Every structure is written in structure tokens, then in C-alpha cells.
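Spelled out from the first residue to the last, the chains are:
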Amino acid sequence: ETDVPDDETDVPDDETDENGCETPDIIDECDIDYIEIVTQEDIASIVNCRVITGDIYIEETDLEEIVLPCLEEVRERIEIWDNPELKKVSMPKLKEAGEIFLIGLNPQLSSLNLNRLELVWENLGIVKNNSLKKISLPNLKNADGLYIEMNDSLESAEAPLLEILGDDLIVFKNNSLKSFSFP
């Protein structure tokens, strides 16, 4: 005798993981040289990408949030720069960023989720995000340079697993900084 569910409660109605990534729709590698994100429709065009081979630029938009729940790797540059309405950046699965990862001049940014980020091949810069109170990089192990500068409301910054830091660690003019935890 075979066990067959007698109602639909035993069958999942979707295949979405805890981060909001719709697993049946995931695209392993999006071969994109350069993408400029301006609208939510642009975000929707890459939302199911696991890997992006090129650059992502999100600059001077009216976006309030950037959520890329499936993204695990960007092989080139990520720039999230000068977005006056941006409040939230969430890339909960991102493990690796290529050349440069810049998040700056986003005055309303208060929520930053890069919890799985392990490696930035070159520089990670978090600069002039004046509403950001906390930078938590709990899995960051390797970055060539780390720049945390002029975030007026920043109270704490941590990267407890950081093992390799190349050229620079610059923490500058974060006037509210009370806790700084790096090995």
C-alpha cells in the first residue's frame, strides 16, 4: 500500500525558500556584461539569477528597495550609488562579489542584508549611507580593501570571520560608531 496524501495540505503550494527565491525559476548563470537597474521591472529581469557574469549598476534611481533573493555571485562590479529613496538592500545569498562592491550616497538606507557575503575580490565600500545604523558582515572572510566611511548614523560594524584583508581597512568619520568588531 502506498501513502498518498488525502488532501492538499501535505503538498507544498510553491517552492520558495526562506529568502524568497523561487527555486523552480532559478537561472544558474545570467550572462550579462552590464545591466543598469532603474525600475522594479529591471530588478525582476535578474531576480532569479544565481550568478551574474558582469556588472550591476543601480544609480540615481527612485527605488525604495533592492531585493535579490537568489543571487549568489556577481563576477564583476556592483554599484548601488546615489539612490535618494533607497531604504533596503537585501542579497541574502550573495557569497562572492568580483571587482568592486560599492554602496554609497543612499541617505535613507537603513537595512542592509549581506549575511552570506564571504569574498570580495577587490574593494568593498560602504560610504555616506546616513541612515544606516549597523553593518553586519558575519561571513566575510576575504576582501582586498574595506572602506567604511562617513556613515553618520552608523553605531556598529562587524566582520567577525575576516581572515584576509589586502591593501586597506579604512574606517573614517562614522561619528556615531560605538562598536567595531573585526578580528
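Computed from a prediction, not measured in an experiment: that's the story for all the values here.

What counts and how
- Residues numbered from 1 in each chain as written.
- Predicted model: local features only at pLDDT ≥ 70, side-chain atom pairs only at ≥ 80, totals over all residues.
- Heavy atoms only, no water.
- Helix = DSSP H or I, 4+ residues; strand = E, 2+ residues; numbered from the N terminus.
- Buried < 20%, exposed > 50% of the residue type's maximum accessible area, 1.4 Å probe, protein only.
- Contact = heavy atoms within 4.5 Å.
- Lys, Arg positive; Asp, Glu negative; His and termini not counted.
- Charge placed at Lys NZ, Arg CZ, Asp CG, Glu CD.
- Core = buried A, V, L, I, M, F, W, Y, C linked by side-chain atoms within 4.5 Å.
- Pairing = 2+ DSSP bridges.
- Axes fitted to C-alpha atoms, helices over the stretch in contact; angles between N-to-C directions.
- Patch = residues over 30% accessible without salt bridge, like charges linked within 9 Å, V, L, I, M, F, W, Y side chains within 5 Å.
- Areas by Shrake-Rupley, 256 points an atom, 1.4 Å probe, with all protein chains shown as cover.
- Salt bridge = Lys/Arg side-chain N within 4 Å of Asp/Glu carboxyl O.

(A) Quick peek at the overall build of the protein chain. Summing up its helical and strand segments, the protein chain has one helix and 17 strands in all. In terms of overall dimensions, the protein chain has C-alpha extents of about 70 × 35 × 25 Å along its principal axes. Here the protein chain holds 183 residues, and 42% of them are scored as buried. Of all intrachain contacts in the protein chain linking residues separated by at least 6 positions in sequence, the fraction that spans at least 24 positions is 20%. Taking the 14 positively charged and 44 negatively charged side chains of the protein chain as two groups, their mean positions are separated by 10 Å.

(B) Structural context of the nonpolar core. Within the largest apolar cluster, 43 residues are counted, with the highest numbers of intra-cluster contacts made by Ile66, Ile80, Met91 and Phe101. When residues no more than four places from it in sequence are discounted, the contact partners of Phe101 are Ile78, Ile80, Met91, Leu94, Leu114, Leu117, Val120, Asn123, Leu124 and Gly125.

(C) Local environment of the sheet that holds strand S13 (residues 134-136). Pairing within the open sheet is parallel, and its three strands lie in the order S13-S15-S17. The open sheet has two free edges, formed respectively by S13 and strand S17 (179-181), since each of these has just one partner strand. Across the sheet, the mean angle from the axis of one strand to that of its neighbour is 5°, orientation sign disregarded. Judged from the three bridges that link them, strand S15 (residues 156-158) and S17 form a sheet pairing that is parallel. Residue pairing across strands places Ala157 opposite Phe180, the latter belonging to S17.

(D) Structural detail: a nonpolar patch on the surface. Where nonpolar side chains cluster on the molecular surface, the patch consists of Leu169, Val171 and Phe180 and spans about 230 Å² of accessible area. Looking at the element boundaries, Phe180 is found in strand S17.

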